[in-house]
Amino acid sequence: MTGHTHVRVAAPKKWMDGWDKIYSQMLSASDEELSQLNVGSRIQQLEHALAITESDAKNMDVLELGCGYGSVSCYLAKMGCRLVAVDALVSAIAVAQKRANILNLNENVEFRLDDMDGWPIELESYNVVIALQCLQYLFDRTVPRMREAVAAVKPGGFFVYSGNILPHFDTDPPIRFIDEEELKSELEGWTIHGFGTEERIMKPGDKRGYVWIVARKPGLDE
Ligand SMILES: C[S@@+](CC[C@H](N)C(=O)[O-])C[C@H]1O[C@@H](n2cnc3c(N)ncnc32)[C@H](O)[C@@H]1O
């Protein structure tokens, strides 16, 4: 992909170029490969939480920030949810859109090429807001945008988050880590359906920490 590969964002070009390379390669994957939606444990945990709270996927509005190649959004659209999914990379939106076309999900999912920050998210307007491995790249806007995302969840709705924590190699600019305590204090009073931290060695000398949460906002009668 050449030319304008992403909208203007806070993350350095080098990082955006790294993700762009991965998504651009995916564009030449077969329809069969793209139709396989491999979602990780965070979304499995959300699916479980939806099931045990008897939430009806068919009536749910979902916002996904930094959606990348679109597997998560397509997976939830397949369950019947209506999604708006945002990413700043042309290649991400192209591969995500291609997936939705192959799976005939266009009625349920709108992939939007945009900055995930810099526009208002209506208060209590989504049943689920998802932000996996992305808010940390907003730096000084990470926490304010997270608060806006959290405020956008309807009573009884869900917030699904993951991000890096220490240990992590130094970056320039420094990633805004949201640690376990900070995350839980932002979601005080919510029901925690799933929470975890882990460390992964990506390659020798590169150990990275992660935190994730699936939490439900108190409902109107709770
Ligand atoms: C580490 S990837 C995570 C993608 C996906 N959420 C996942 O978990 O596989 C980070 C994503 O955030 C997107 N991104 C970074 N800054 C962004 C911004 N300001 N607005 C929208 N997307 C952004 C990148 O394009 C990339 O797709």
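Above: the structure in question.
Our subject in this report is the structure included herewith. (Residues numbered from 1 in each chain as written. Predicted model: local features only at pLDDT ≥ 70, side-chain atom pairs only at ≥ 80, totals over all residues.)

A look at the environment of Phe177
The criterion, for reference: Going along the chain from the N terminus, every DSSP run of H or I of four or more residues is numbered as a helix, and every run of E of two or more is numbered as a strand. Buried, partly exposed and exposed are defined by the number of other C-beta atoms within 10 Å of a residue's own C-beta, namely 20 or more, between the two limits, and 12 or fewer respectively, with C-beta atoms placed from the backbone.
Positionally, Phe177 belongs in the loop between β5 (153-165) and α7 (180-186). For Phe177, a count of 15 C-beta atoms within 10 Å puts it in the partly exposed group.

Quick look at the sheet that holds β5
For clarity, the threshold we go by: In short, DSSP must find at least two bridges between two strands for them to pair. Note on method: axes are straight lines fitted to C-alpha atoms, helices fitted across the in-contact stretch only, with angles between N-to-C directions ranging 0 to 180 degrees. Any residue pair is listed as a contact if its two C-beta atoms, each placed from the backbone, are within 7 Å.
Taken together, seven strands build an open sheet; the order of strands is β3-β2-β1-β4-β5-β7-β6 and the sheet is mixed. Two strands close off the open sheet at either side, each with one partner strand: β3 (109-113) and β6 (191-203). Neighbour to neighbour, the strand axes of the sheet diverge by 10 degrees on average, direction disregarded. In this structure, β6 lies alongside strand β7 (residues 206-216), joined through 11 bridges in antiparallel fashion. Residue Ile201 lies in a different strand from β7, and its bridge partner there is Lys207. Lying on the sheet, helix α5 (residues 90-102) is in contact with β2 (82-87) and β3; it crosses β3 at an angle near 165 degrees.

Considerations on the nonpolar core
The test is simple: For our purposes the nonpolar core covers buried Ala, Val, Leu, Ile, Met, Phe, Trp, Tyr and Cys residues that link as a set through C-beta atoms within 7 Å.
Counting residues in each nonpolar core, the largest one holds 59 residues, and the members touching the most others are Val62, Ala96, Val129, Ala131, Phe158 and Phe159. The residues touching Val62, leaving out its near neighbours within four places in the chain, are Leu76, Cys81, Arg82, Leu83, Tyr126, Asn127, Val128 and Ile130.

So, unusual backbone geometry
Following Leu166, the chain continues into Pro167 via a peptide bond in cis, with omega recorded as 5 degrees. Positionally, Pro167 belongs in the loop between β5 and α7. Of note, the phi angle at Glu124 is positive, near 45 degrees, even though the residue is not glycine. For Glu124, the position within the fold is in the loop between β3 and β4 (126-132). The exposure class of Glu124 is partly exposed, given the 13 C-beta atoms found within 10 Å. Unlike most non-glycine residues, Phe139 shows phi in positive territory, near 55 degrees. Locating Phe139 in the fold gives a position in the loop between β4 and α6 (142-151).

A short note on the site of the ligand
Worth spelling out the cut-off: Each residue gets a C-beta atom placed from its backbone. If that atom is within 6 Å of a molecule or strand, the residue is near it. Under the grouping applied here, Gly and all other residues not named as nonpolar or charged are polar, the nonpolar ones being Ala, Val, Leu, Ile, Met, Phe, Trp, Tyr, Cys and Pro and the charged ones Asp, Glu, Lys and Arg.
Neighbouring the ligand are 20 residues; Val9, Gly66, Gly68, Ala88 and Met116 lie closest to it. Counting only elements with at least two residues in the shell around the ligand, the list comes to α1 (13-26) and β2. Of the residues in the shell around the ligand, the class split is 14 nonpolar, three polar and three charged.

With respect to the pairing of strand β1 (residues 61-65)
Every other side chain in a regular strand lies on the same face of the sheet, so the side chains alternate between the two faces. Quick note on the threshold: Viewed with both strands pointing away, a crossover whose connecting path from the first strand over the helix to the second turns clockwise is right-handed.
Counting buried positions along β1 gives four out of five residues, so the element sits mostly inside the fold. With five bridges joining them, β1 and β2 adopt parallel strand pairing. By the bridge assignment for β2, Leu65 is matched with Val86. Since β1 and β2 lie parallel, the crossover through helix α4 (residues 71-79) that links them has a hand, and here it is right-handed. Sheet topology places β1 next to β4; four bridges connect them, and they run parallel. Note on β4: the bridge partner recorded for Val62 is Val128.

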